[in-house]
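Inside the fold
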Amino acid sequence: MLDTTKVYSYSAVLMGSPILLKLFVNDEALAARVFRLIKHYEDLLTVNRAQSQVMDINHAAGKHPVRVSSPVYALIKCAKAASTLPNSAFNLAIGPLVKRWRIGFRGDSVPPAEDIARLLTLTNPQQVLLNDVDESVYLPLPGMEIDLGAIAKGYIADRVRDYLRKEGVEQGLINLGGNVQTLGTPAGLWSIGLKKPFSQAGAMIGTLEIADKSVVTSGVYERYFAQNGHIYHHILDPRTGYPLDNELDSVTIVSADSIDGDIWTTLMYGMGVEKACATLRARPDIEAIFVTKSKEVILSSSHHYRFTLLDNDYRLIGSTV
Ligand code: AMP
Ligand code: MG
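None of the values given here were measured: they were computed from a predicted structure.

Within the fold, Asp147 resides in the loop between β5 (136-138) and α6 (152-166). By relative accessible area, which is 15% here, Asp147 ends up buried. Note: C-alpha distance between Asp147 and Leu119 (28 residues apart in sequence) is 14 Å. Not counting the four nearest positions on each side in its chain, Asp147 is found in contact with Val47, Leu92, Ile94, Gly95 and Val98. For Asp147, the side chain forms a polar contact with the main-chain nitrogen of Gly149, separated by 2.6 Å.

Written out as structure tokens, the structure is:
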């Protein structure tokens, strides 16, 4: 019998983020294999180093198509599909702007407007040219760059879940720097904290209780700099080239797959609360929790999780059924 009262936690730092694996068996070797798997995908997808499959595509911009491995091709195809939805705030070709802003890295400052205007011309997702026959990707303009930073963690969290399942693990949790994916239900449900924006590590607005679901949060407090009293954060609006500016401090998505959570947080961010809730009415598989600057916690619906508010600075709006 599996003892679900004894949790074994394993941690590492990968993809520049703290990674936490929770299991109900003491299996150091399995944890090591999971961390190796994460590193394998990081090595394929990163744009924060000179070499990876995605960087091979970027280095060949304006020169030639690059063949990539099937998982990388499939992920790029998925990212392009999300990027070319009508008026999408998600854009896999946002790379030149992300690099220019350097938000959260040394030397970040507001770029001159003419730089942003020029770089915007290099970010059309329709110009990420895919060839299904040989699984190659071509960026026709020199300077174009793919950036999968908004979905890599979600994608990898799902791969970890699949791997654990294959290894016969029925209950477990992987937290990739805020992207949480879970297997099964330990004694009761998994309890996941919802971070309090701009507060010390560990401060929570409330908790979500879930089973067999992913929880992904994207927040403006994760990476930002302040200049002249204005906060410039790391989620850029592909339509303007500047950080998305609306009523939101964070968006959390509860979904089966973490990749969906990772894509939808960005899509929702771009829509704002009202349009986002209207859009989600047609998607019962995707549920959102919005945290606004005016300290409201708004649930689009809560059929697949239970939310408990812990911080009285915040007001809860929406169903808690
Ligand atoms: P996330 O933490 O999942 O919200 O992803 C944020 C990261 O995605 C940023 O650090 C950038 O690398 C990248 N990014 C920023 N803005 C966008 C955007 N509009 N669409 C896609 N990726 C973006
Ligand atoms: Mg994301």
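Now that the structure has been shown, the text picks up again.
Quick look at the coordination of the magnesium ion (ligand 2) now. All of the protein donors around the magnesium ion (ligand 2) are Ala150 (O), Asp262 (O) and Asp262 (OD); their distances to the metal are 2.1 to 2.8 Å. Pair noted here: Ala150 is in the loop between β5 and α6 and Asp262 is in helix α7 (residues 258-271), with a separation of 112 residues, a long-range link. Residue class for Asp262 comes out buried when judged on its relative accessible area of 7%.

Close contacts around ligand 1 come from 16 residues, with Ala89, Asn91, Asp147, Ser218 and Leu236 the closest. Separating a nitrogen atom of ligand 1 from a backbone N or O atom of Leu236 is a distance of 2.7 Å. Look at ligand 1: alone it shows 510 Å² of surface, and the protein chains cover 92% of it. Considering only residue class, the shell around ligand 1 consists of eight nonpolar, four polar and four charged.

Turning our attention to the layout of surface pockets. Empty space left among the atoms is revealed by rolling a probe the size of a water molecule over them. There is about 260 Å³ of room inside the second largest pocket. Taken together, 17 residues make up the lining of the second largest pocket; nearest its centre are Ala82, Leu85, Ile263, Trp264 and Leu267. Mapped onto the lining of the second largest pocket, the elements with two or more residues apiece are α3 (70-83), α7 and α8 (273-280). Take the lining of the second largest pocket: its biggest share by element is seven residues, from α7. Taken together, the residues that form the lining of the second largest pocket break down as 10 nonpolar, four polar and three charged.

Our next topic: a nonpolar patch on the surface. A cluster of nonpolar side chains, namely Phe198, Tyr224 and Ile231, defines an oily patch on the protein surface of about 250 Å² accessible area. With respect to the helices and strands, Ile231 occurs in strand β12 (residues 230-233). Residue classification places Ile231 among the partly exposed positions, given a relative accessible area of 34%.

Reading guide: rules and limits
Residues numbered from 1 in each chain as written. Chains lettered and ligands numbered in written order. Predicted model: local features only at pLDDT ≥ 70, side-chain atom pairs only at ≥ 80, totals over all residues. Heavy atoms only, no water. Helix = DSSP H or I, 4+ residues; strand = E, 2+ residues; numbered from the N terminus. Buried < 20%, exposed > 50% of the residue type's maximum accessible area, 1.4 Å probe, protein only. Contact = heavy atoms within 4.5 Å. Polar contact = N/O pair within 3.5 Å; in protein donor to acceptor, adjacent residues only side chain to side chain. Donors = N, O, S within 2.8 Å, 3.2 Å for Na, K, Ca; no water. Near = heavy atom within 4 Å. Areas by Shrake-Rupley, 256 points an atom, 1.4 Å probe, with all protein chains shown as cover. Nonpolar A, V, L, I, M, F, W, Y, C, P; charged D, E, K, R; others polar. 1 Å grid on protein atoms, 1.4 Å probe; cavity = no way out; pocket = protein on both sides within 12 Å on 5 of 7 lines; lining within 4 Å. Points joined across faces, edges and corners; volume = space filled by probe spheres on them. Patch = residues over 30% accessible without salt bridge, like charges linked within 9 Å, V, L, I, M, F, W, Y side chains within 5 Å. Salt bridge = Lys/Arg side-chain N within 4 Å of Asp/Glu carboxyl O.

Treat this as a map of the structure, not an account of what it does.
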